[in-house]
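Okay, here's what each chain looks like letter by letter:
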Amino acid sequence: MSGPLWCVVPAAGRGTRVGGDIPKQYLPLAGRPLILHTLERLAAHPQVAGLMVVLGSADDQWPGTTTLSGKPVLTCLGGTERCDSVLAGLRALPPEVTDEAFVLVHDAARPCVRERDIARLIELGILAGGGLLGAPLRDTLKRAGGDGRSHETEPRDHRWRAFTPQMFRRGELSAALLAASLAGVTVSDEAMAMERAGFAPLLVEGAEDNIKVTTATDFALAEFLLPRTK
Ligand code: C5P
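In this text, all values refer to a predicted model and were calculated from it rather than measured experimentally. (Residues numbered from 1 in each chain as written. Predicted model: local features only at pLDDT ≥ 70, side-chain atom pairs only at ≥ 80, totals over all residues. Heavy atoms only, no water.)

### Thoughts on the overall build of the protein
Logical step 1: A tally of regular secondary structure across the protein gives six helices and 12 strands.
Logical step 2: Here the C-alpha radius of gyration of the protein, 17 Å, is about what a compact globule of 230 residues would show, namely 17 Å.
Logical step 3: Based on the C-alpha atoms only, the size of the protein along its principal axes is roughly 50 × 40 × 35 Å.
Logical step 4: Taken across its 230 residues, the protein has 47% of its residues classed as buried.
Logical step 5: For the protein, contacts bridging at least 24 residues in sequence account for 68% of all contacts bridging at least 6.
Logical step 6: Accessible surface for the protein amounts to roughly 11,400 Å². Of this, 52% is attributable to carbon and sulfur atoms.
Logical step 7: Here the protein contributes 25 positive and 27 negative side-chain charges, whose respective centroids are spaced 3 Å apart. (Helix = DSSP H or I, 4+ residues; strand = E, 2+ residues; numbered from the N terminus. Rg over C-alpha atoms; globule rule 2.2 N^0.38 Å. Buried < 20%, exposed > 50% of the residue type's maximum accessible area, 1.4 Å probe, protein only. Contact = heavy atoms within 4.5 Å. Areas by Shrake-Rupley, 256 points an atom, 1.4 Å probe, with all protein chains shown as cover. Lys, Arg positive; Asp, Glu negative; His and termini not counted. Charge placed at Lys NZ, Arg CZ, Asp CG, Glu CD.)

This is the structure:
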């Protein structure tokens, strides 16, 4: 087993699609803000050393949490895109986190991540030099035209959905995110930045109920899943 890892939690999205002016990470899930469920689950994990939560500049909802499960919870300011926020979080990590150290990145909006999936990602990902949780695509994938009709069926073989956490070395991930940013490419996850930099992140199959809460329906589903995904 590795030593405990720091986790960067991007939470700087405005995410107001669900309704109202409050970003989705602060909307109530089972009576408490969504983000608190995610942070508590991460902090309770024996292999997590501390959390770096990346907040939006207009955030007036952050409860000011400084420790969870006896572990430090630090905050920093995010950027325009998720990848900018993750890079800001990596830069703000304490100096004890070396460039060689592996760091987890986990979306604030994924409260149902399972302890055993985090443990498997860490165990297998460290051996592989970095990796991510995901699951093979099970539905048939269609290419839509501007007319709203299906024009082509994409091959499903070798296609995976990418989840978080994703885990990479602090230095390599920071360099990959910076390179993408300088090239004007908005990467949609850490693995995409690493792929651009020539790495091949390990795909670690995780539970598909590690959903990213986005819509009102997702809130109801996450409330159902929370006690069942411990
Ligand atoms: O918008 P989406 O659900 O894809 O965002 C995934 C995660 O990234 C969320 O936790 C969101 O708060 C975060 N994010 C961020 N900075 C941004 C955009 C999104 O930290 N600029």
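### Quick notes on the packing of aromatic side chains
Any aromatic ring pair is given by two values, namely how distant the centres are and how the planes are angled relative to each other.
Logical step 1: Tallied over the entire structure, the rule returns zero aromatic pairs.
Logical step 2: One Lys or Arg, arginine 228, reaches over the ring of phenylalanine 224 and ends 3.8 Å from the middle of that ring. (Phe/Tyr/Trp six-rings, centres within 6.5 Å; stacked < 30°, edge-to-face > 60°. Lys NZ or Arg CZ within 6 Å of the ring centre and 35° of its normal.)

### Some thoughts on the layout of surface pockets
Logical step 1: In this structure, the largest pocket occupies an estimated 950 Å³ of space.
Logical step 2: Lining the largest pocket are 40 residues; nearest its centre among them are Ala12, Gly13, Arg14, Gly15 and Arg82.
Logical step 3: Listed by contribution, the elements that provide at least two residues to the lining of the largest pocket are β1 (5-11), α2 (82-92) and β11 (160-169).
Logical step 4: In terms of residue class, the lining of the largest pocket is made up of 13 nonpolar, 15 polar and 12 charged.
Logical step 5: If you add up the space inside the second largest pocket, you get close to 200 Å³.
Logical step 6: Lining the second largest pocket are Arg32, His37, Glu40, Arg41, Ala44, His45, Val113, Arg114, Glu115, Leu226, Thr229 and Lys230.
Logical step 7: Among the elements that make up the lining of the second largest pocket, the one with the highest residue count is helix α1 (residues 34-44) (four residues).
Logical step 8: Each residue belonging to the lining of the second largest pocket can be placed in one class, and the counts come to three nonpolar, three polar and six charged. (1 Å grid on protein atoms, 1.4 Å probe; cavity = no way out; pocket = protein on both sides within 12 Å on 5 of 7 lines; lining within 4 Å. Points joined across faces, edges and corners; volume = space filled by probe spheres on them. Nonpolar A, V, L, I, M, F, W, Y, C, P; charged D, E, K, R; others polar.)

### Some details on the nonpolar core
Logical step 1: With 28 residues, the main nonpolar core has Ile35, Leu39, Leu51, Val53, Trp62 and Leu104 as its most contacted residues.
Logical step 2: When residues of this core are traced back to their parent elements, those giving at least two are β1, α1, β4 (48-55), β7 (102-105), α3 (115-128), β8 (131-136) and β11.
Logical step 3: Setting aside its immediate chain neighbours within four residues, valine 53 contacts Val9, Ala11, Ile35, Leu39, Trp62, Val73, Leu74, Thr75 and Cys76.
Logical step 4: One finds Val8, Cys76, Ala180 and Ala193 within the second-largest nonpolar core, a separate group that totals 23 residues. (Core = buried A, V, L, I, M, F, W, Y, C linked by side-chain atoms within 4.5 Å.)

### Some thoughts on unusual backbone geometry
Logical step 1: Between threonine 164 and the following residue, proline 165, the backbone shows a cis peptide bond with an omega angle of 5°.
Logical step 2: With respect to the element layout, proline 165 can be found in strand β11.
Logical step 3: A positive phi angle, near 50°, is found at alanine 30, a position not held by glycine.
Logical step 4: Looking at the element boundaries, alanine 30 is found in the loop between β2 (28-29) and β3 (32-33).
Logical step 5: Positive phi is not limited to glycine here, since histidine 158 has a value of about 65°.

### Structural notes on the pattern of salt bridges
Logical step 1: All chains considered together, the criterion is met by nine salt bridges.
Logical step 2: Aspartate 107 is the partner of arginine 82 in a salt bridge, and the nearest nitrogen-oxygen pair spans 2.8 Å. Highlighted residues: arginine 82 in helix α2 and aspartate 107 in the loop between β7 and α3, separated in sequence by 25 residues.
Logical step 3: By relative accessible area, arginine 82 is classed as partly exposed at 25%.
Logical step 4: Residue classification places aspartate 107 among the buried residues on the basis of a relative accessible area of 8%.
Logical step 5: Two residues, arginine 110 and aspartate 107, come together in a salt bridge whose shortest N-O distance is 3.3 Å. Taken as a pair, arginine 110 and aspartate 107 share a single burial class, namely buried.
Logical step 6: Within this structure, Arg82, Asp107, Arg110 and Glu190 form a network of salt bridges that share partners. (Salt bridge = Lys/Arg side-chain N within 4 Å of Asp/Glu carboxyl O.)

Keep in mind these numbers describe shape, not what the thing actually does.
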